[in-house]
Amino acid sequence: MSTDGGLLVEGLLSPFDVYYYLVRNCTSREVVESSSVGGFRTHNALMDVPFSDSSMDEKICVFVSDATPYMVKAGQALKVFYPKLLHITCLAHGLHRVAEEIRKEFGIVNKLISSAKKVFLKAPSRVQAYKEQLPNLALPPQPILTRWGTLLKAVLFYAENFEAIKEVVGQFDSSEAIAINSSQLAFENPSIKQNIALIATHFSNIPDAIERLETKNLPLCKSLEILENIIEQNNALPNSLSEKVRGKLNAVLYKNPCLEEIKKVNAFINGTGQILPEEVSAEMEPNFKFCPVTSVDVERSFSAYKLVLSDKRHKFAVENLEKYVIVYCHKNYNQ
């Protein structure tokens, strides 16, 4: 089971088939709190789980959410009703939070990427000048803060093409736009190249890890293997980096409610461990083979709104939108 406030996704865990999920509830909420998430239990979505003939407390095995405080509290509330529930917070979102800490720590790099993005935004003459001088190079990335890992991808782009982009931007008239002036000043900052090199050297693995964790139907062992690789590289970070950056991943993982229990289940499945958490029986553990550790299915379902709602739709009742999204996700996201 995975949720993000107003959207509830249920899935079937099976040792033989890939993880199958179904949008069961989609509601509009102005304010989302732990009580409203816990309220899903009283909705038919949770009272009519069709995946098993066992008792209700065994039907709800895993709860995946983001790490916001109200979702953590919701997980605690749901465990009252479902004692065997394991609550884990999204690992991909956790890595994105590490990337956010990097963005905050390297402010000059963030300023460069932000201002350079604006230099070419709605500026066809500058875009044309860029393409004439660098015909085989794409325009600088335009990262979006809410899209996981996009800022680090932009940093890697600048690490590979720093001098070329600096030369192009340096030819523009700084009086034309504030963004041009800000970009030129950022390019001339004496520490900018070193900061970009530090990020590219020590954190280039994070965007790739996020993308791989987002892969649909990824086995649990592969997901945790990706995480372990990130942990190993994080432990090898030099002391010259800020303690906030080096400690962010550990803080994120420490606050993940049942991550250690999921690791024990994975070790038991793979034959490297002999102890199961008390919430998981030996009969149930094979079903965790494709257990999800990210809330990507929920995020993927959000994109259905963009595809369902178009300029041609002028009227759409909330209750009809809920039904439409549920059917749409069921048809398109379980291929």
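Residues numbered from 1 in each chain as written. Predicted model: local features only at pLDDT ≥ 70, side-chain atom pairs only at ≥ 80, totals over all residues. Heavy atoms only, no water.

- Looking up the chain in an unreviewed UniProt entry gives the name DUF659 domain-containing protein, with the organism given as Eumeta variegata.

### Observations concerning the overall build of the chain
Piece 1. The number of helices and strands found in the chain is 16 helices and five strands.
Piece 2. Looking at the 335 residues of the chain, the share that counts as buried comes to 47%.
Piece 3. Here the contacts in the chain between residues at least 6 apart in sequence split such that 68% fall between residues at least 24 apart. (Helix = DSSP H or I, 4+ residues; strand = E, 2+ residues; numbered from the N terminus. Buried < 20%, exposed > 50% of the residue type's maximum accessible area, 1.4 Å probe, protein only. Contact = heavy atoms within 4.5 Å.)

### Things to note about the packing of helix H6 (residues 107–119) against helix H10 (residues 192–203)
Piece 1. Remark: H6 packs on H10, axes separated minimally by 9 Å, with the N-to-C direction vectors making an angle of 95°. Here H6 lies roughly perpendicular to H10, going by the angle between them. Contacts from Ile108, Val109 and Leu112 in H6 reach Ile192, Asn195, Ile196 and Ile199 in H10.
Piece 2. Here the residues of the contact of H6 with H10 sort into six nonpolar, one polar and no charged. (Axes fitted to C-alpha atoms, helices over the stretch in contact; angles between N-to-C directions. Parallel < 35°, antiparallel > 145°, perpendicular 65-115°, else oblique. Nonpolar A, V, L, I, M, F, W, Y, C, P; charged D, E, K, R; others polar.)

### Overview of the pattern of salt bridges
Oppositely charged side chains can form a pair if their charged atoms are brought close together.
Piece 1. What the rule picks out here adds up to 10 salt bridges.
Piece 2. Residues lysine 153 and glutamate 211 are paired through a salt bridge, measuring 2.3 Å at the closest nitrogen-oxygen approach. Of this pair, lysine 153 sits in helix H8 (residues 150–170) while glutamate 211 sits in helix H11 (residues 205–213); the two residues are 58 residues apart in sequence, bridging distant segments of the chain.
Piece 3. Given a relative accessible area of 35%, lysine 153 falls into the partly exposed group. (Salt bridge = Lys/Arg side-chain N within 4 Å of Asp/Glu carboxyl O.)

### Side note on the environment of isoleucine 230
Piece 1. Summarising the element assignment, isoleucine 230 is placed in helix H12 (residues 220–235).
Piece 2. For the pair isoleucine 230 and alanine 209, spaced 21 residues apart in sequence, the C-alpha separation works out to 7.7 Å.

### Focus on the pairing of strand S4 (residues 62–65)
Piece 1. The alternating pattern of S4 places Val62 and Val64 and Phe63 and Ser65 on opposite faces, both of which are buried.
Piece 2. Regarding the hand of the β-α-β motif, the stretch spanning S4, helix H4 (residues 69–81) and strand S5 (residues 86–89) is right-handed. (Right-handed = clockwise from strand over helix to strand, strands pointing away.)

### Quick word on the side chain of serine 182
Piece 1. Position of serine 182 relative to the elements: it lies in helix H9 (residues 178–188).
Piece 2. According to the relative accessible area criterion, serine 182 is buried, its value standing at 18%.
Piece 3. Once you skip the residues sitting within four places of it in the chain, serine 182 turns out to touch Lys111 and Ser115.

### Details of unusual backbone geometry
Piece 1. One non-glycine residue, lysine 122, lies in positive phi territory at about 55°.
Piece 2. The topology assignment puts lysine 122 in the loop between H6 and helix H7 (124–133).
Piece 3. For lysine 122, a relative accessible area of 82% puts it in the exposed group.
Piece 4. Within the chain, asparagine 217 stands out as a residue other than glycine whose phi angle is a positive 65°.
Piece 5. Its place among the elements puts asparagine 217 in the loop between H11 and H12.
Piece 6. Of the residues examined, asparagine 217 reaches a relative accessible area of 27% and is grouped as partly exposed.

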